[in-house]
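Next come the chains, spelled out residue by residue.
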Amino acid sequence: MTYLAKSPWIIHYDASSCNGCDIEVLAALTPVYDVERFGIVNTGNPKHADVFLVTGSVNEQNREILKNTYDQMADPKVVVAIGICAASGGIFRECYNVMGGIDKVIPVDVFVPGCAARPEAIIDGVVKALGILEAKRQAMNDRPAATRKPAGDSV
Amino acid sequence: MEGGYLVQIIQLLLFLILFPLISAIVLLFAGKSFDTSWIVKISALGIGAVSLYLLAVGFDKGLITYAVSSGPVDLVMIIIELVIAVYLLYLGIRHKKYSAVILVLVQAALILWFEMTYGRHIELSYNLFFDQLSIIMALIVGIIGSLICVYSLGYMETYHQHHPEIKDRRRMFFFLLFAFLSAMFGLVFSNNLVWILFFWEITTFCSFVLIGYSQTEEATNNAFLALSMNLLGGVAFAAALIYIAAMDPSGRLLELNTLIHSGYVFAIIPAVLISFAGLTKAAQLPFSSWLLGAMVAPTPVSALLHSSTMVKAGVYIILRFAPVLTGTTEGLMIALVGGITFLLASCMAISQSNAKRVLAYSTIGNLGLIVACAGVGTYNLMWVAILLMIFHAVAKSLLFLCVGTVENRIGSRDIEDMGGLIERMPKLAVMMFIGMAGMFLAPFGMIISKWAAIEAFITAPFGLVFIVILAFGGSASLFFWCKWMGKIISVMRHQENLETGIRPEKWAVLYILTGLVVIVALIFPLISSALIEPFVMQIYGETTRLAQANITIMLLMLGLLIIMPFSMLFTGKAPRMAPPYMGGMTTEGGMKYTGSMGISHDLVLSNYYLKNYFGEEKLFMTGTLVCWGLILIALIMIVGVIL
Amino acid sequence: MIPEPYEAIVKAIIYLLLAPVLGGLIAGIDRKVTARMQGRVGPPLLQPFYDVGKFFEKENLVVTTTQNFYALSYLVFMAVAGALFFSGGDMLLVIFAFTLSHIFLVLGAYAAFSPYSHIGAERELIQIIAYEPMIILTAVGMYMVTKSFYVGSIVQSTTPIILYLPGVFIGYLIVLTIKLRKSPFDLSTSHHAHQEIVKGVTTDFAGPNLGRIEIAHWYEYVFLLGVVYLFFAWNPFIAIAAIIIAYFLEILIDNTTSRVKWQMTLRSAWLVAGTLGVINLGVLYYLRMVVVP
C-alpha cells in the first residue's frame, strides 16, 4: 500500500515555453478537470512536490534554475516534460541559446508530446509518472539508507 | 541554642553591608602594580557564599528587627550625603546641568532641614531588620551582583582594548561596583527609613558615575538625565520623611515595619511619596528615558544596576508599601502607571533593533508589571510580584552579559548583526536562547508569573483592566523576543567561529547564570514555599500558590523541553541537505542568489520592526502624558488627605 | 474541580490517539466542502491521510538538521497543549503550551535562513500576537462565568456560557479564522496550494517534517474546536451543532474573501479583542465581580 500515488503534488516550471503548454497545464487544474480528485495539488514549491512538470526547452539562462529546482525536490520524484519543446527543443531547437530538451539537464521520466499538449494528455502523463514514482519509491526502500547516493549535490 | 541565631544573623547582615564596602576601599587604594582581580574574585565569592549562608540560616525565621545604635552612624551618613551633594553640585555647575543642581540643592536642603528640626531628637531603636523578602533581595544582589563583578573583570579589559580613547578608570569602576553592592545590602536590610534614603542616594550616585564612565558627551548627558530623575524621586522620599517626623515627633513611625502597619490614614501619604520615588528608580513611564540613556554605560553596569538590582530597589520599596496601597485609589493609580508602562514598553521594544535598548524596554516593562502587582497589592499579587522579581533578575542579567560578550566579539550590539550566531558563537547563542526562553516561554519563569498574575488579577479590584493589559502586552513581548531568537538561531553556513578568546571567568559566570535560569524554573515551587509564601503569610495572614497538579505539569513540560534537543541525535531517515528555496536562483549553499545579468548577491534577511505601529515617539508621548496624569491624580489625592 | 489524575491521563491518551484521526477527517471534509463550493468534485475524504502518509514515505530533505528538532517540538507541544485541554487542565496553561508550540514552528522557519520562510515566520509571529490576546480573554471570560480556569470544571458547568459571552464568542470565531489559516487571514501559510510567499513558514520543510507539521495542525483543529464546544458545554448536542456551523462558516469565509495585509490582520484582531472581548468582559466583570461578588 502506498500513499505516494494517491497524493502526487506537482510543481510546474516554465523553462522557455511559448506559454501554450503552460496554459494547458493550468487548464488541467481548473474545476473542469479538477485534478484534486486524484490528490494532485499544484504546490509551487519543489520541497513539497513529487512531480516536476516542465514546459518549454532549456536554455543557457535557466539551466541552473532547472537543476536547482530539481535538486531541491525530495526523493522519490519524477519529471514530466510537457510539450514538444521540453522533449526536444521543438521549433526553438536551433536557437543560439537553446540547449534542447530538458533531458539535457535533468533526467526525464515521462515525455508528453503535443504543441501544445492537451490537458487530457498532461493528466495522462502525470498518471503514467505515478507508476514510475512508485517504482522509484520501492527502489529507494530496498536500498539501505547509508548506501543511498544523494540525488543532487549535497551542500 | 535559643536566640543564638539572632546574633548570627545580625553578624551576617553587618558582614554583607560592610564587607563589600571594605573590598571597595581596598580596590580603590590598592597599588598600581597590585593585581586587583584576585580581590574582586575573592570578595565576590565571599559575598555570594555569605548570601547563601544567610538563606540557610534565616529562611525559616520570619521578621526579625535589630536594635543597632544609630547615633554615630547617622552622623557618618549625613557627612557622606553632604560630601556627595557638594561633589554633584560641582559637577553639575561644571557641565552646566542646572536642573540637576537645583534638585541636589533642594534635596540637600530637605535632608538638612529634617536633621536639624527632627533628626536630632529621634533615636530609633530598630534600625535593621530581616525577613524573607530581604533574603530574596540579598540573594539577587549577592549572587547575581557578585557574578557580574567577576564578569566585569574580563569585560572591562576588552572594553578598554576596543576603546583606547576612553580613559581607563577601572579602579574607580570596581570601587563603585562594590560600594553599590554594599548600598544595596544596606537598603534591603534597613528598617530605618532615613537609612534607606541614604542607601537609596548612594545607589543613585553610583549609577550616575557609572553611566558617565566613558566621559563622552552622550554619556555625561545621560548620566545627568538619570541623576535628575532619580533625585526627583529622592526629593519625594525626603519629603515623606519630613512628613512622618512632623506628624510623629517620637519618630517610631520612621521604622518601616511600624509604618506599614500604622493604618491607611497616616501611612498613605509617605507610601505614595515613596512609591513615587520607587517609580523614578524603576524607570516607570514618565521617567523611563533615563534607563534607556543608561545603556551607554559598559554592559556589566547595565546588567547589574539597570536590570537585576538597582532598579529592583524601586519595586522593592513599592512592594514594602503594598499592604498600605491595597484597595486604595492611590495604589490603583500607581498600579496603572506600572500596567501602562508594561504595555507600552513591550510594544516599543518591537520597534528596536539595538539589543541593549530591547533589553532596557523589556526591563522597564517587567518592572511595570511588578509595580502593577504591588500597587493593587492583594496577597496573591504580592506573591506574583516577588516571583517576577526573581525570574527577571536571573534571566535578564544573563541576557545582558551575553549581549556584552557578543558585542565584545562582533563589535556590534545591533540585533541585525547577530544573524547566525548559532553558527558563529554556538555556546553563547544557546545561552542567549535559554535566557530569552526564561523571559517569555512556558514553562520558564516569567510566563509562570504572568499566568499567576492573570489568575490573581481576576479577583482583584479593577483587575480586568490589568488582565487586558497583560493579554496585549504579553503578546507584544512575545513578538520581539521571538524575532530576536529567530535571528540568532538562523543557520547561516560557512561562518567563522568567533567564540575564541573569551576569558574563562566570563564563561564561568555565563554558565552559572544559564544554570540558574533553568534551576530557578525547576525549583520555583521550593522558593515559593520556603520564602515567598511565609512572607506573604506574615504580611497578609493568607497566601497563595500554584496548584500542585499544575506544577507537576509544568515540570514535566520543562523536562520535555530539556530532552527535546536530544531528538536531533535520533533522526530516523538520514537527512539530505539542500539549500533554501529561492526560486531556483540559489548559489553557494544558500547564502547567495543569482540576480539579473547573472550577478551574484548576498542574501540578507531583516526582521520586521513595525515602526509605524509600535514606533517610540508616538507611544512614548502618549505614555508620558497618561502616566503623568495618573501620578498627578495620586498626588492630588494625598494632598486631599493632608488637608 | 481538578480532575482525578488517572481519569485525566486516560483522557489525554484518548485525545492523543483520536485527535489526529478526527483532525484529519475535519481537514478532509474541509477540502471536500471547499471543492463543492468551487463547483468541483474534490479529493477523497481521506486525502489528508494520504498526503501525510506520503510525507513519511519521502526523503528527509532539510536546509539544516535543526529543522527536525523544531518540527518535532511543534508537534509534541501542540499535542501536549491539546492533551492538557482534553484532560481538563488549566486553560491558561493550555494557551501557553499552545503558544510555545507555535514558537517552535516559527523558529524552524527562521532556522532555514530562507527569504520565503523568513517572511512566513515574521507573518506567523504577527498572527500570533494578533490572536493571542483574544484567546486569553476567552479563557478569562470562561473563568468569570464558571469561576474556574479548569476545562474539567468549565465543561461540567450547567450555565449556558454562550449567553454570557456572545461578544467573546464572536471574537473567538474571528481569531479562529487566523488560527485555521483561512482567508482573509492566511498570511503566513495556507492550506491552499500557492501564495505569494510560496508556502510561507513551511516552505523549507519537506518530507517527514512536513508530515509532522500537518499532524500538529490536526491536533490543533481538534483543540480549537474543543474551545468552541466549551461555549455550549451545557448541552452537547447544541455544542456539536455549533462546532459544525462554526466550521462551515469558516470554510465559507475562506472561499469568499481574499487575503488581506498583515496590517489589517493585526488591526482587526486587536480591535475585535479590544472592543467585543473587552466590552463583553467588562459588563460581565461588573455584574459578576462588583454587583454580586
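## Overview of the overall build of chain A
1) Next: Helix and strand content of chain A: 4 helices and 7 strands.
2) Next: Secondary structure elements of chain A occur, N-terminal to C-terminal, as β-α-β-β-β-α-β-α-β-β-α.
3) Next: The C-alpha radius of gyration computed for chain A amounts to 15 Å, which stays within 12% of the reference 15 Å derived for 155 residues, consistent with globular compactness.
4) Next: By the burial criterion, 52% of the 155 residues in chain A qualify as buried.
5) Next: The long-range fraction of contacts in chain A, counting pairs at least 24 apart against all pairs at least 6 apart in sequence, stands at 82%.

## Some words on the overall build of chain C
1) Next: The secondary structure content of chain C amounts to 11 helices and 1 strand.
2) Next: Against the globule reference of 19 Å for 293 residues, chain C gives a C-alpha radius of gyration of 19 Å, in line with a compact fold.
3) Next: Buried residues in chain C amount to 64% of all 293 residues.
4) Next: For chain C, the share of sequence-separated contacts (at least 6 apart) that also reach a separation of at least 24 residues comes to 78%.

## Some remarks on the confidence of the model for chain C
1) Next: Within chain C, residue pLDDT values average 89, and 96% of them lie at 70 or more.
2) Next: Scoring of the predicted complex yields 0.93 for pTM and 0.93 for ipTM.

## Thoughts on the interface of chain C and chain B
1) Next: At the junction of the two partners, chain C supplies 56 residues and chain B supplies 49 residues.
2) Next: Within the residue set of the side of chain C that touches chain B, elements represented by two or more residues are strand 1 (61–62), helix 3 (66–86), helix 4 (91–111), helix 5 (115–146) and helix 11 (262–291) of chain C.
3) Next: Counting residues per element, the side of chain C that touches chain B draws most heavily on helix 5 of chain C, which supplies 15 residues.
4) Next: The class makeup of the residues in the side of chain C that touches chain B is 38 nonpolar, 13 polar and 5 charged.
5) Next: In terms of strand pairing, strand 3 (residues 576–577) of chain B meets strand 1 of chain C through 2 bridges, oriented parallel. Note on strand 1 of chain C: the bridge partner recorded for Met 577 of chain B is Val 62 of chain C.

## Quick look at the interface of chain C and chain A
1) Next: Taken together, the contacts link 25 residues of chain C with 20 residues of chain A.
2) Next: Broken down by element, the side of chain C that touches chain A gets its largest block of residues, 6 residues, from helix 2 (residues 47–57) of chain C.
3) Next: Residue composition of the side of chain C that touches chain A, by class: 9 nonpolar, 8 polar and 8 charged.

## Comments concerning the packing of helix 15 (residues 355–376) of chain B against helix 20 (residues 463–489) of chain B
Residues and elements named next belong to chain B.
1) Next: Two elements in contact, helix 15 and helix 20, have axes separated by 12 Å at closest approach and are oriented at 160 degrees. Classified by the angle between their axes, helix 15 and helix 20 sit roughly antiparallel to one another. At the point where helix 15 passes helix 20, the crossing takes the left-handed sense. Where helix 15 abuts helix 20, its residues Val 358, Ser 362, Gly 365, Ala 372 and Val 376 lie against Phe 466, Gly 473, Ser 477, Phe 480 and Trp 484.

## Considerations on unusual backbone geometry
The bulk of non-glycine residues show a negative phi, and the bulk of peptide bonds are trans.
1) Next: For the bond running from Asp 75 of chain A to Pro 76 of chain A, omega is -10 degrees, close enough to zero to count as cis.
2) Next: Looking at the secondary structure, you find Pro 76 of chain A in the loop between helix 2 (63–71) and strand 5 (78–82).
3) Next: In this model, Ser 183 of chain C is joined to Pro 184 of chain C through a cis peptide bond whose omega is 5 degrees.
4) Next: Relative to the assigned elements, Pro 184 of chain C resides in the loop between helix 8 (166–179) and helix 9 (208–231).
5) Next: Phi is positive for Phe 462 of chain B, which is not a glycine, with a value near 55 degrees.
6) Next: Positionally, Phe 462 of chain B belongs in the loop between helix 19 (445–457) and helix 20.

## Remarks on the sheet that holds strand 1 (residues 9–14) of chain A
All names here are of chain A.
1) Next: Strand order in the open sheet formed by 5 strands is 2-1-3-5-7, and the pairing between neighbours is parallel. Two strands bound the open sheet, and with one partner strand each, they are strand 2 (41–42) and strand 7 (110–112).
2) Next: Direction of pairing for strand 5 relative to strand 7: parallel, over a ladder of 3 bridges. In the strand pairing of strand 7, Ala 81 is matched with Phe 111.
3) Next: Sitting on the sheet, helix 4 (residues 119–142) touches strand 1, strand 3 (51–55), strand 5 and strand 7, and the angle it makes with strand 5 is about 155 degrees.

## Remarks on the packing of helix 1 (residues 4–29) of chain B against helix 6 (residues 170–189) of chain B
Each pair of packed helices gets described by two things: the angle between the helix axes and the distance between those axes.
Residues and elements named next belong to chain B.
1) Next: Interaxial distance between helix 1 and helix 6 falls to 8 Å at its minimum, and their mutual angle equals 165 degrees. When the interaxial angle is binned, helix 1 and helix 6 end up roughly antiparallel. As for how helix 1 packs across helix 6, the hand of that crossing is left-handed. On helix 6, the residues that touch Leu 13, Leu 16, Ile 17, Pro 20, Leu 21, Ser 23, Ala 24, Leu 27 and Leu 28 of helix 1 are Arg 171, Phe 174, Phe 175, Phe 178, Ala 179, Leu 181, Ser 182, Phe 185, Gly 186 and Phe 189.
2) Next: Split by residue class, the contact of helix 1 with helix 6 holds 15 nonpolar, 3 polar and 1 charged.

## Things to note about the nonpolar core
1) Next: Ranked by size, the top nonpolar core spans 407 residues in total, and within it Val 80 of chain A, Val 371 of chain B together with Ala 97 of chain C carry the most contacts.
2) Next: Examining the composition of this core, we find that 21 residues originate from one element, helix 16 (residues 379–410) of chain B, more than from any other.
3) Next: With residues near it in sequence (within four places) discarded, Ala 97 of chain C still touches Ala 442 and Met 557 of chain B together with Phe 77, Val 80, Ala 81 and Leu 84 of chain C.
4) Next: The next biggest cluster of nonpolar side chains, apart from the first, holds 6 residues, and it includes Met 582 of chain B together with Tyr 116, Ile 119 and Val 198 of chain C.

## Considerations on the confidence of the model for chain A
1) Next: Across chain A, the average pLDDT comes to 85, with 91% of residues at or above 70.
2) Next: Contacts from residues 146–155 of chain A, a stretch scored under 50 in pLDDT, to residues over four places away or in other chains number 13 contacts.

## Notes on the environment of Gln 61 of chain A
1) Next: Here Gln 61 of chain A lies in the loop between strand 4 (58–59) and helix 2.
2) Next: When the 11 C-beta atoms within 10 Å are taken as the criterion, Gln 61 of chain A is described as exposed.

## Description of the sheet that holds strand 6 (residues 600–602) of chain B
Think of a sheet as strands paired side by side through backbone hydrogen bonds, with each pair either parallel or antiparallel.
1) Next: The strand order 4-5-6 (chain B) describes an open sheet built from 3 strands, whose pairing is antiparallel. Whereas interior strands pair on both sides, the edge strands pair on one side only; in this sheet they are strand 4 (586–587) and strand 6 of chain B.

## Looking at the environment of Ser 57 of chain A
Residues and elements named next belong to chain A.
1) Next: Tracing the sequence through the fold places Ser 57 in the loop between strand 3 and strand 4.
2) Next: For Ser 57, a count of 29 C-beta atoms within 10 Å translates into the label buried.
3) Next: When neighbours within four sequence positions are excluded, Ser 57 is seen to be in contact with Ala 15, Ser 16, Cys 85, Ala 86, Gly 89, Gly 90, Phe 92, Val 98, Gly 100 and Gly 101.

## With respect to helix 8 (residues 217–247) of chain B
1) Next: The end-to-end C-alpha distance of helix 8 of chain B is 45 Å, a good match for the 45 Å that 31 residues give at a rise of 1.5 Å each.
2) Next: In terms of burial, helix 8 of chain B is largely enclosed, as 22 of its 31 residues are buried.

## Digging into helix 10 (residues 236–256) of chain C
All names here are of chain C.
1) Next: For helix 10, which comprises 21 residues, the first-to-last C-alpha distance of 30 Å matches the rise-based estimate of 30 Å (1.5 Å per residue) to within 8%.
2) Next: Within helix 10, burial applies to Ala 239, Tyr 247, Glu 250 and Asp 254. Summarising the axial view, the buried residues of helix 10 lie within an arc of 70 degrees, below the 170-degree limit, and thus occupy one face. Exposed residues pointing more than 90 degrees away from the buried face of helix 10 are listed as Phe 237, Ala 241, Ile 245 and Thr 256.
3) Next: In the core, the buried residues of helix 10 are packed alongside helix 1 (5–37), helix 8 and helix 9.

Procedures and definitions
Residues numbered from 1 in each chain as written. Chains lettered and ligands numbered in written order. Predicted model: local features only at pLDDT ≥ 70, side-chain atom pairs only at ≥ 80, totals over all residues. Helix = DSSP H or I, 4+ residues; strand = E, 2+ residues; numbered from the N terminus. Rg over C-alpha atoms; globule rule 2.2 N^0.38 Å. Buried ≥ 20, exposed ≤ 12 C-beta atoms within 10 Å, placed from the backbone. Contact = placed C-beta atoms within 7 Å. pLDDT = per-residue confidence, 0-100. Nonpolar A, V, L, I, M, F, W, Y, C, P; charged D, E, K, R; others polar. Pairing = 2+ DSSP bridges. Axes fitted to C-alpha atoms, helices over the stretch in contact; angles between N-to-C directions. Parallel < 35°, antiparallel > 145°, perpendicular 65-115°, else oblique. Left-handed = near helix turned anticlockwise from the far one by under 90°. Core = buried A, V, L, I, M, F, W, Y, C linked by C-beta atoms within 7 Å. Expected span 1.5 Å × (residues − 1). Arc of directions from axis to C-beta.

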